[in-house]
Each structure stands twice: as structure tokens, then as C-alpha cells.
There are 2 protein chains.
Amino acid sequence: MTNYKATLQYDGTRYHGFQRQPQLLTIQGVIEAALQKMTKGQPVEVIGSGRTDAGVHAYGQVISFDYPNHLPVHSMLKALNSLMPLDILFTEVQAVSPQFHARFDVQSKIYEYRVALGRYTNPFLRLYTGHYPYQIDLQRLQIAMADLVGTHDFSSFAASGGVIQNKVRTIYTAQVDSTNYPVEIRLIFHGNGFLYNMVRIMVATLLEIASGRRAQHDIQRLFNVRDRQQARMTAPASGLYLQKVYY
Amino acid sequence: MTNYKATLQYDGTRYHGFQRQPQLLTIQGVIEAALQKMTKGQPVEVIGSGRTDAGVHAYGQVISFDYPNHLPVHSMLKALNSLMPLDILFTEVQAVSPQFHARFDVQSKIYEYRVALGRYTNPFLRLYTGHYPYQIDLQRLQIAMADLVGTHDFSSFAASGGVIQNKVRTIYTAQVDSTNYPVEIRLIFHGNGFLYNMVRIMVATLLEIASGRRAQHDIQRLFNVRDRQQARMTAPASGLYLQKVYY
């Protein structure tokens with residue numbers, strides 16, 4: 001028995017999210033089916049660093065799994081990629097201690113959100129960005145993003161239905177990459193944990209502030225009210241990327 | 001009755017090509033359905049500058065159509081875009097003389113082919129590039145592309161089944177954009193006309209030359225033999241873009 005840690009990229013467009021679901025195409029389901037083929041029928045459970053929703057992408061998702069035989073890491077990488085569809089690619093495999101757990105051992109994560117600007121949706125970016133048609137002010141955006149940094153109760157930014165009681169999380173950095181402005185901007189968040197839909201709700205709220213639809217420091221108010229009904233919008237899944245997981 | 005000329009972009013992934021076909025989703029079919037909605041039921045025939053195949057994209061396809069009423073061009077542009085799915089975008093509309101015909105009046109076209117390099121397919125580029133996993137020599141590629149320039153009989157580079165007898169065409173320029181090499185290269189062809197599958201067959205042959213699988217000047221030989229069987233491969237539709245049509 002060897003415990004492996006593997007890093008992968010995927011285009012989430014075709015998938016009903018990361019997590020295995022009966023009858024539905026999911027990232028976990030595809031990987032577990034491949035591993036079961038490699039073991040000639042023995043099931044292998046895949047642990048992800050966390051779920052990603054339907055349509056959400058990843059450049060650096062991390063999984064771990066106990067594999068019944070020992071394969072050299074380059075053979076494992078090759079075997080996995082030979083069984084993956086073209087929209088999933090493993091980029092690294094390591095053999096790790098039996099204690100390593102891809103979900104419990106997460107220290108922090110980076111999520112990135114690509115926003116396509118301009119009046120119309122670019123036909124080639126529709127599956128890889130969220131589109132925001134209104135004019136935005138980059139300075140207002142940056143000031144609002146600074147309000148997110150620190151340790152806060154993110155109840156206003158968590159989708160209802162989550163089972164997690166403690167909604168306090170720490171955002172270490174929240175930055176804008178405006179290299180491609182005014183065609184596109186990228187919002188990059190590094191934090192110790194993210195609640196269900198949290199990044200997508202934060203992004204929608206930030207864009208409303210940046211376009212003048214909300215007050216400059218509305219995020220401070222939202223932290224205080226702890227009411228999901230007040231941060232009304234959720235940015236589309238298509239713009240969200242799980243960039244990196246730190247252990 | 002007003003004759004309009006319109007320029008559009010599309011992501012061809014979901015479509016069975018440009019040309020209308022019964023029961024199948026095509027670019028022409030979607031545009032004609034929108035125009036028929038605008039005329040409240042009166043059919044409008046769309047003329048394209050040429051067909052594009054299933055999966056082929058366009059940044060600058062051009063169409064013309066006779067519309068029963070006169071609409072200002074900005075209203076026509078807005079009306080068309082409001083009825084388009086997210087993977088088709090009109091970028092310009094002009095009112096033109098009744099004689100203008102989007103297919104017959106073409107002077108020349110530019111096609112671009114995006115090749116993703118490297119051992120594995122990038123999950124995010126699979127629908128927007130052709131993937132070529134072998135090492136290529138950019139100098140060999142450039143020398144081979146120069147052989148294409150000029151007036152030649154392209155019989156070796158035309159898919160069988162075409163009804164066009166005269167296979168002589170002129171390529172004005174054939175260039176490589178290697179800005180993103182070794183991740184990606186773009187092959188750009190400007191010519192007075194392109195036969196069915198001609199760009200995709202040329203690209204596959206060029207890549208075989210660039211990777212040392214064919215002789216440096218094999219294109220000169222293929223011009224002479226006029227035999228499609230000798231240029232065996234066709235590069236995937238996903239890498240091909242109709243960039244510009246000149247009138």
C-alpha cells in the first residue's frame with residue numbers, strides 16, 4: 001500500500017463538480033474509475049483538497065489516495081494521464097507518508113477569478129470567465145479588496161445550506177491582476193479556508209462596489225450584519241479557478 | 001429591402017459547421033432563425049463568405065443578407081446580438097449596395113491555425129488549438145512555409161469529394177507567430193482562396209516537415225504529384241480560425 005499525492009488541472013465545463021455523484025460525470029468519479037482500471041477491479045478512494053462546483057476549473061487541485069501496489073511516481077503519472085479525458089491533466093505525483101490526507105492537511109488555498117469586461121461576452125471566453133458588462137473603477141475595486149483581508153466572520157458570503165457552523169476565515173491577500181484591463185481582470189485570493197460559494201459571492205459584491213452599485217466600504221458592513229441575503233449575487237462558476245493548495 | 005454586410009466571431013465547438021443543415025445546429029441556421037424572428041416570420045437567406053467545418057472557429061466571418069425593412073446599422077447590430085447565443089458575436093454591420101454578395105465578392109482570406117505543443121494536451125486549450133506532441137524545428141517550419149507561397153496547384157492539399165475542378169490557388173503570405181513558443185505557435189495564411197480542408201492538410205504536412213518526419217522541401221514534391229493520398233494527415237478542426245475576409 002502506497003499513499004500518493006497528485007496535482008491536477010481540469011477544465012470543469014463538462015463536469016458536475018469535483019465530488020463523486022451517482023450517474024453524473026464528476027472529476028472524482030473519473031479518477032476513481034481510472035484507478036480501479038489500474039488495479040484491475042479493486043476500488044480506490046480519492047480524497048480531494050476540497051470540492052469544486054459544476055463548471056469551476058482547477059490549475060492546481062490536489063488529491064491523495066492509497067494505492068494497493070507500489071508504482072514509481074513517473075509510472076503513476078503516465079498511467080493516470082493515459083486514462084484521463086483531454087480536459088483533465090495530472091502535472092505531478094509524489095509518494096507521501098501514510099498519514100498525509102489531501103483534505104485535513106490543507107494549510108491554505110489560492111483561488112483566482114477571471115472577469116471578462118466589456119459590453120458583450122467574448123465567444124471564446126464564455127466558459128473560462130465570468131462576464132461583467134458594466135464599467136468598473138480599478139481603484140474602488142482595490143480599496144474594497146483590501147477590506148476583505150484579515151480574519152472575519154464570512155456568514156454574509158456563504159451560500160445557505162452549508163453545514164459548517166464556524167464561518168470565521170482568514171484572507172491573507174486579495175489582489176487584482178489588471179494586466180489585460182480593460183478586456184479582463186483577475187481577482188486572486190489567498191486564504192486559510194473558503195466557505196461554500198464564498199469566492200463567487202465575494203467577487204459579485206466586489207464588482208458591484210467597483211461599478212458604484214454599492215458603497216465603497218460595504219464589505220465592512222456585510223461582515224457586521226452576517227446576513228447572506230444582503231450580498232445578493234453569486235458570480236458564475238465559469239470564472240473560478242482553484243489555483244494552488246498549500247500543505 | 002436593404003442589403004447588409006455583417007462581421008461576426010464564433011466559437012465553432014458546438015456547431016456542425018457554418019452551413020445550414022436540416023435538424024443540425026449550424027451558424028447559418030442560428031442567424032437565419034434570428035432574422036426570421038426579427039421579420040416576424042419572413043425568411044431571410046444568409047450568404048456566408050464561405051463555409052467553415054464543424055469545430056472550426058471565426059474571428060472575422062462575413063455574411064450578407066437582404067432584409068425586408070430598413071434598420072439603422074447600430075439597431076441591426078444590437079438586434080442580432082440580442083438574439084445570439086453566447087458563442088456567436090456580431091462585431092460590425094454595414095448597409096451595402098444591393099449588388100454586394102458575401103461569397104462571390106471575396107478577394108482574399110486570412111486563416112490562422114493555433115498549434116499547442118508539448119507532450120500533453122492543455123485541458124484549457126483542447127477546443128481552441130490542434131495539439132502536436134512532437135518536437136519541432138522552427139527554422140524547418142519557416143522554410144517549408146515559404147514553399148507554399150505563390151500560385152500552385154493544391155490538388156495534393158484538397159480533401160477528396162470537392163466538386164471544384166480548378167485547384168490552382170495563390171498564397172500571398174504564410175507566416176509563423178512564435179511569440180508563445182514552445183507552448184504554442186500560430187500559422188497564418190493569406191490567400192485568394194482555400195479548397196476544402198486545405199489549411200488543415202497544409203498544417204499537418206508542415207508539422208511533419210518541422211518535426212523531421214518529411215523532407216524539408218516535400219511541399220514542392222506534393223505540388224508536382226497532385227495526389228491527396230501523399231499528404232495523409234488533416235490537422236484537427238479545433239485549431240482553425242477564419243481571421244479576416246477581404247473584399
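Source: prediction; values computed, not measured. (Residues numbered from 1 in each chain as written. Chains lettered and ligands numbered in written order. Predicted model: local features only at pLDDT ≥ 70, side-chain atom pairs only at ≥ 80, totals over all residues. Heavy atoms only, no water.)

Undergrad: Help me out: how do you make sense of the overall build of chain A in this one?
TA: From N to C terminus, chain A includes five helices and 10 strands. In summary, chain A has a C-alpha radius of gyration of 19 Å against a globular reference of 18 Å for 247 residues, a match within 12%. C-alpha atoms of chain A, sized along the principal axes, occupy 60 × 40 × 30 Å. Here chain A, with 247 residues, has 54% of them falling under the buried criterion. Across chain A, contacts joining residues at least 24 apart in sequence account for 71% of those joining residues at least 6 apart. Only carbon and sulfur atoms are counted for the fraction: they give 50% of the accessible area of chain A, which is about 11,400 Å². Seen as two clouds, the 24 positive and the 17 negative side-chain charges of chain A have centres 4 Å apart. (Helix = DSSP H or I, 4+ residues; strand = E, 2+ residues; numbered from the N terminus. Rg over C-alpha atoms; globule rule 2.2 N^0.38 Å. Buried < 20%, exposed > 50% of the residue type's maximum accessible area, 1.4 Å probe, protein only. Contact = heavy atoms within 4.5 Å. Areas by Shrake-Rupley, 256 points an atom, 1.4 Å probe, with all protein chains shown as cover. Lys, Arg positive; Asp, Glu negative; His and termini not counted. Charge placed at Lys NZ, Arg CZ, Asp CG, Glu CD.)

Undergrad: Would you mind going over the UniProt feature "domain: Pseudouridine synthase I TruA alpha/beta" (unreviewed entry) in chain A with me for this structure?
TA: With numbering aligned to this structure, UniProt lists the feature "domain: Pseudouridine synthase I TruA alpha/beta" (unreviewed entry) at residues 8-105 and 144-247 of chain A. Measuring from the first to the last C-alpha atom of residues 8-105 of chain A gives 17 Å, for a span that is 23% helix and 26% strand. (UniProt positions renumbered as here; feature names shortened; annotations may be inferred.)

Undergrad: How should I be thinking about the interface of chain B and chain A in this particular structure?
TA: A common way to state how big an interface is: give the accessible area lost once the parts meet. Of the residues lining the interface, 22 residues belong to chain B; the matching set on chain A comes to 22 residues. Area buried by chain B at its contact with chain A is led by B:Pro123, B:Phe124 and B:Arg126, which between them contribute 35% of it. Taken together, the connections running from chain B to chain A amount to four salt bridges. Residue A:Arg126 pairs with B:Asp11 through a salt bridge whose shortest N-O separation is 2.8 Å. Counting across the chain B and chain A interface gives three residue pairs in polar contact (both at pLDDT 80 or more). By residue number, the principal contributor to the side of chain B that touches chain A is strand 3 (residues 57-67) of chain B, which donates three residues. Grouping the constituent residues of the side of chain B that touches chain A by class yields 12 nonpolar, four polar and six charged. (Buried area = accessible area lost by both parts, 1.4 Å probe. Salt bridge = Lys/Arg side-chain N within 4 Å of Asp/Glu carboxyl O. Polar contact = N/O pair within 3.5 Å; in protein donor to acceptor, adjacent residues only side chain to side chain. Nonpolar A, V, L, I, M, F, W, Y, C, P; charged D, E, K, R; others polar.)

Undergrad: For this particular structure, what's the right way to read helix 3 (residues 138-148) of chain B?
TA: Along an α-helix, residues three or four positions apart point the same way, because every turn accommodates 3.6 residues. Residue and element names in this part refer to chain B. Taken as a whole, helix 3 has its buried residues at Leu 141, Ala 144, Met 145, Asp 147 and Leu 148. What you see down the axis of helix 3 is that its buried residues fit within an arc of 150 degrees, all on one side. Turning to helix 3, the residues buried within the fold contact strand 7 (150-153), strand 8 (168-177), strand 9 (184-191), helix 4 (198-210) and helix 5 (218-225). Structurally, the start of helix 3 carries an N-cap: the backbone nitrogen of Gln 139 is 2.9 Å from a side-chain oxygen of Asp 137. Where helix 3 ends, the next residue or the one after it, Gly 150, has phi of about 120 degrees, a positive value. (Arc of directions from axis to C-beta.)

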